[in-house]
Amino acid sequence: MNINLFDYFEDVLGPEGGPSPWAARAPRRPRKDYDLKLTPRSPDWRHDPESLEALERLEAEPWVDSVIRDRDAVRLRLADSWIETQGAALEAGGSAEPALSELAAGQRYSVQFWDANATKALHIGHLRNLAIGNALAAALAQAGCQVERRSRISDMGRAMGEAMAGVMASGRHQQGWSEGDEKSDHFVGMCYADYVAAGGGTLDAGELEQAEDSLSREVHVQNDAADELMKRVLCGEGEAVELWYKTRAWVIAGQRKTLARLGIAFDRVLFESDFLSETAELAESGLRSGTLKRREDGVIVYVTGVEELEEMPLVRADGQSTQHMRSLTYALTAPDLEDMVSLQVTGSEWVAHVTGIRRLAAELKPELNGGFHPNRSIFHGMVSSQKRALTSSAGAQLIDELSDWIDAQIDEDSERRHVRRSHPSPERIAAQLALGYFLPYPVTPDIDFEPAKLLDEEESLGWNLVRARAHRSGVHTTGRPAEDPDYRFAVVQSALYRRYLRLAVERLDVRPLAHYLKHLSIWYLESERGEHVERVVHTLLDRSAHGLGLEAAR
């Protein structure tokens, strides 16, 4: 057989050019007398010539043992020879069926996520973005796509000036960084937070209430140390540029250590500062054409027509660009994305922002709007705790702290320590728990997150995967493997995984893979399995972990 089971029902069994009259479903538990359930598309299938002819064709296939008609139910038992051939390949760590990489071979994708600020360490609020972006990139790559993992780092604007001012106020700006020191991104983040908390500018109480986040704060010219430092950087003043480079480098170096611990790597990282000349040109062009207007306070704005963001500030009164403007510039000038589908994974709080800059791009560069990047934005809900969003301003726990907490929880429990000792990659456990938690959930709604859920057998995909990969029953079996319903069930799960990977690529949604993996892990752990079953399942667990980005990037 040269085609996957489930692909056969969709792509081959139907009449030429038409849909298949039957769909195949795998049972959720092993069955002694059949391997697949067949669902008719015609309710009157017993009197439908196409449905009956398809069953006859199916029965004639060499990989089919029998098609069982039982009242209104139709079930299929696979040939023992097919089960054993496929199973032997899986036991050896591979598969005799068509390679997964054939599913989307030749397609090219850029998956943009992380998109960090060069001002602070990564916290739990960033985890969902990292989990979704990393898993989607991994699934596309496993399906044969050429994938570039890309990120755009915000290293300009008011927040960057505040981080620099905080570092300077600490007195550490003239020093280097040694391995024995605290993590450098943690240090800069504290300096940044201290400067903001101290009200480092000249805003009055009403303005501060409106400017509670960095995106709002950067519109106001405060003429404080943060503003002065960014002006000096833009003018190329040596000491300021050196402080800017150092602050940025400290944050990115620390963030990269966090990403490495999660097993996440990027192929290309771009800085907003790389596009400053294009930003100025777009602003001038927009003013000349009347697309943009300058308010009485000197701020250049775009009237979006979007209810949630009616007026988008693009350039401050002192000439510094805002995050909106820098995003627009990237969207229109991002390099090396020709003939590539560009995806961006970002929080749902940016929906109005993206909608606004798409409209503005269509007005400023109508001839290029088809090349707007990202081609598609995947918006995810916020991560919250007790309905309160987890953000840096709300004191969200850092990812590094969460990883340390996971390791400590495992250290304190004898059963968990045993799992870690038996796991093939114990250093990956914290990452699999942290990232895996988010993958079975629908992307759009907010998630209420509590660290204890990461070790909950009912809640946590990651913990079920970790326990399953650590589990080896060592039960010796005799007789033909195909006589064991568990073995037959496990072999069919390989074809089912290919089906779910195909869905993930078609829909750009990894939830089918996540639910598959969670169910497989729980089933495998329910009882002791024979040695042949064990080897098949561990191949599937490894394959699934890579397809969801829960193994380190290779």
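What counts and what doesn't
- Each residue is numbered by its place in its chain's sequence as written, counting from 1.
- Under the rules for a predicted model, residues below a pLDDT of 70 receive no local features and side-chain atom pairs below 80 are neither given nor counted, while totals for whole chains, interfaces and linings still include all residues.
- With hydrogens and water set aside, each side-chain value is computed from the structure's full complement of heavy atoms.
- A helix here means a DSSP run of H or I that spans at least four residues, while a strand means a run of E at least two residues long, and both kinds are numbered starting from the N terminus.
- Type-normalised accessible area, obtained with a 1.4 Å probe on protein chains alone, sets the label of each residue: buried when under 20%, exposed when over 50%, and partly exposed for intermediate values.
- Pairs of residues are marked as contacts when any of their non-hydrogen atoms sit within 4.5 Å.
- Here the Shrake-Rupley method, with its probe set to 1.4 Å, supplies the accessible areas, and only the displayed protein chains count as covering residues.
- In summary, the charge assignment counts Lys and Arg as positive and Asp and Glu as negative, without counting His or the chain termini.
- Where a charge lies is defined by one atom per residue type, namely NZ (Lys), CZ (Arg), CG (Asp) and CD (Glu).
- To obtain an axis, a line is fitted to C-alpha atoms, over the contacting stretch when the element is a helix, and the angle between two such axes runs from 0 to 180 degrees between their N-to-C directions.
- The hand of a helix crossing depends on one turn: near helix anticlockwise from the far one by less than a right angle means left-handed, and clockwise means right-handed.
- Note on residue categories: nonpolar means Ala, Val, Leu, Ile, Met, Phe, Trp, Tyr, Cys or Pro, charged means Asp, Glu, Lys or Arg, and polar means any other residue, Gly included.
- Two strands are counted as paired when DSSP detects at least two bridges linking them.
- Between rings of Phe, Tyr and Trp, where Trp is taken as its six-membered ring, a pair exists when centres lie within 6.5 Å; planes separated by under 30 degrees are stacked, by over 60 edge-to-face, and by other angles tilted.
- Geometrically, a lysine NZ or arginine CZ counts as sitting over a ring once it is within 6 Å of the ring centre and also within 35 degrees of the ring normal.
- As a per-residue quantity, pLDDT reports the predictor's confidence and falls between 0 and 100.
- Nonpolar cores were defined as sets of buried Ala, Val, Leu, Ile, Met, Phe, Trp, Tyr and Cys residues, with membership established by side-chain atoms within 4.5 Å.
- Expected helix span is computed as 1.5 Å times (number of residues minus one).

Undergrad: What should I look at first to understand the overall build of the chain in this one?
TA: The helix and strand inventory of the chain stands at 20 helices and 15 strands. Counting only C-alpha atoms, the chain reaches 80 × 55 × 35 Å along its principal axes. Evaluated residue by residue, the chain yields a buried proportion of 54% over its 554 residues. Taking all contacts inside the chain whose residues are at least 6 apart in sequence as the whole, residues at least 24 apart take part in 73%. Total accessible area on the chain stands at roughly 24,000 Å², and carbon and sulfur atoms take up 47% of it. Positive and negative side-chain charges of the chain, numbering 64 and 88 respectively, have mean locations separated by a distance of 3 Å.

Undergrad: What exactly am I supposed to notice about the side chain of glutamine 344 here?
TA: By secondary structure assignment, the location of glutamine 344 is in strand β11 (residues 341-347). Glutamine 344 sits in the buried class, given a relative accessible area of 10%. Beyond its immediate stretch of four places on either side in the chain, glutamine 344 contacts Gln112, Asp115, Arg152, Pro374, Arg376, Ser377 and Ile378.

Undergrad: Explain the packing of helix α17 (residues 461-470) against helix α20 (residues 531-547) here, please?
TA: When two helices pack together, their arrangement is given by the angle between the helix axes and the distance between those axes. Relative to each other, α17 and α20 sit at 140°, their axes nearing to 10 Å. Between α17 and α20 the crossing geometry is left-handed. From α17, Leu465, Ala468 and Arg469 reach across to α20, where they touch His538, Leu541, Asp542 and Ala545. Counted by class, the contact of α17 with α20 contains four nonpolar, one polar and two charged residues.

Undergrad: Please clarify how the environment of asparagine 117 should be interpreted in this entry.
TA: Residue placement: asparagine 117 occurs in the loop between β5 (108-112) and α4 (124-142). Separated by 296 residues in the primary sequence, asparagine 117 and aspartate 413 have C-alpha atoms spaced 37 Å apart.

Undergrad: Just to check I follow, could you spell out the sheet that holds strand β2 (residues 36-40) for this structure?
TA: Strands belonging to one sheet form pairs held by backbone hydrogen bonds; the direction of such a pair is parallel or antiparallel. With antiparallel pairing, four strands are arranged side by side in an open sheet as β1-β2-β4-β3. Two strands close off the open sheet at either side, each with one partner strand: β1 (22-25) and β3 (64-70). Going across the sheet, the axis of each strand differs from the next one's by a mean of 30°, ignoring polarity.

Undergrad: Looking at this model, I keep getting lost on the packing of aromatic side chains. Mind explaining?
TA: In this description, an aromatic ring pair is defined by two values, namely the gap between the centres and the angle between the planes. Summed over the entire model, instances satisfying the criterion amount to 15 aromatic pairs. An angle of 70° between the planes, with centres 6.0 Å apart, marks the rings of phenylalanine 187 and tryptophan 250 as edge-to-face. Here the residue phenylalanine 187 occupies a position in helix α6 (residues 184-197), and tryptophan 250 occupies one in helix α10 (residues 238-262), the gap between them amounting to 63 residues. A relative accessible area of 8% means that tryptophan 250 is categorised as buried. With a centroid separation of 4.7 Å and an interplanar angle of 55°, the aromatic rings of phenylalanine 489 and tryptophan 523 are classed as tilted. With a gap of 34 residues between them, phenylalanine 489 in helix α18 (residues 485-507) and tryptophan 523 in helix α19 (residues 511-525) connect regions that are remote in the sequence. Take phenylalanine 489 and tryptophan 523: they sit in the same class, and that class is buried. An aromatic cluster of at least three residues, connected via ring pairs, comprises Tyr437, Phe438, Tyr441 and Phe449. Over the aromatic face of phenylalanine 187 sits the side chain of arginine 172, whose NZ or CZ is 5.0 Å from the ring centroid.

Undergrad: I'm lost on the confidence of the model for the chain in this one. Help?
TA: Should pLDDT be low for a region, the predicted coordinates there are not to be read in detail. Across the chain, the average pLDDT comes to 90, with 92% of residues at or above 70. When the criterion is pLDDT under 50, residues 202-212 qualifies, and its contacts beyond four places in sequence or with other chains add up to 12 contacts.

Undergrad: Looking at this model, I keep getting lost on the sheet that holds strand β8 (residues 293-294). Mind explaining?
TA: Read from one edge of the open sheet, three strands run β8-β9-β10, paired in antiparallel fashion. Each edge of the open sheet carries a strand with a single partner, namely β8 and β10 (309-315). Relative to strand β9 (residues 300-306), β8 is paired through two bridges, and the arrangement is antiparallel. Directly across from lysine 293, in β9, lies its bridge partner valine 301.

Undergrad: Honestly, unusual backbone geometry in this entry has me stumped. Any pointers?
TA: Phi is mostly negative for residues that are not glycine, and the peptide bonds are mostly trans. That bond from histidine 373 to proline 374 is cis: its omega, 10°, falls within 30 degrees of zero. The residue proline 374 is located in the loop between α13 (351-364) and β12 (376-380) in this model. Notably, asparagine 223 is not glycine yet its phi reads approximately 55°, a positive angle. Tracing the sequence through the fold places asparagine 223 in the loop between α8 (214-217) and α9 (225-234). For asparagine 223, a relative accessible area of 57% corresponds to the exposed category. Positive phi is not limited to glycine here, since leucine 508 has a value of about 55°. You can see leucine 508 is positioned in the loop between α18 and α19.

Undergrad: Quick question: what am I supposed to make of the nonpolar core here?
TA: Considering soluble globular proteins, one finds that nonpolar side chains tend to be buried as a cluster. Phe9, Leu58, Leu130 and Leu140 are the most contacted members of the largest nonpolar core, which totals 132 residues. Ranked by the residues each element gives to this core, the list is headed by α18, at 11 residues. In this structure leucine 130 touches Phe113, Trp114, Leu122, Leu259, Leu262, Ile264, Ile399 and Leu435, once residues within four positions along its chain are discounted. One finds Ile300, Leu309, Leu314 and Leu360 within the second-largest nonpolar core, a separate group that totals 20 residues.

Undergrad: Explain the pairing of β3 to me, please; I cannot follow it from the model alone.
TA: Both faces of the sheet carry side chains from a regular strand, because those side chains alternate between them. Here β3 runs beside strand β4 (residues 73-78); their pairing, made up of six bridges, is antiparallel. Along β4, the bridge assignment pairs valine 67 with leucine 76. Counted between consecutive antiparallel strands, the loop separating β3 from β4 contains two residues, among which arginine 71 sits at a positive phi close to 55°.

Undergrad: Just to check I follow, could you spell out α20 for this structure?
TA: Quick reminder: α-helices carry 3.6 residues per turn. Residues three or four places apart thus point the same way. For α20, with 17 residues, the first-to-last C-alpha span of 24 Å sits near the 24 Å given by 1.5 Å per residue. Counting buried positions along α20 gives 14 out of 17 residues, so the element sits mostly inside the fold. Count one or two residues on from α20 and you reach glycine 549, which has phi positive near 70°.

Undergrad: Looking at this structure, how should I read the environment of arginine 417?
TA: Following the sequence through the fold, arginine 417 ends up in helix α15 (residues 414-422). In this structure the C-alpha to C-alpha distance between arginine 417 and aspartate 407, which are 10 residues apart in sequence, comes to 9.6 Å. Excluding residues that lie within four positions of it along the chain, arginine 417 makes contacts with Ile410, Asp411 and Glu412.

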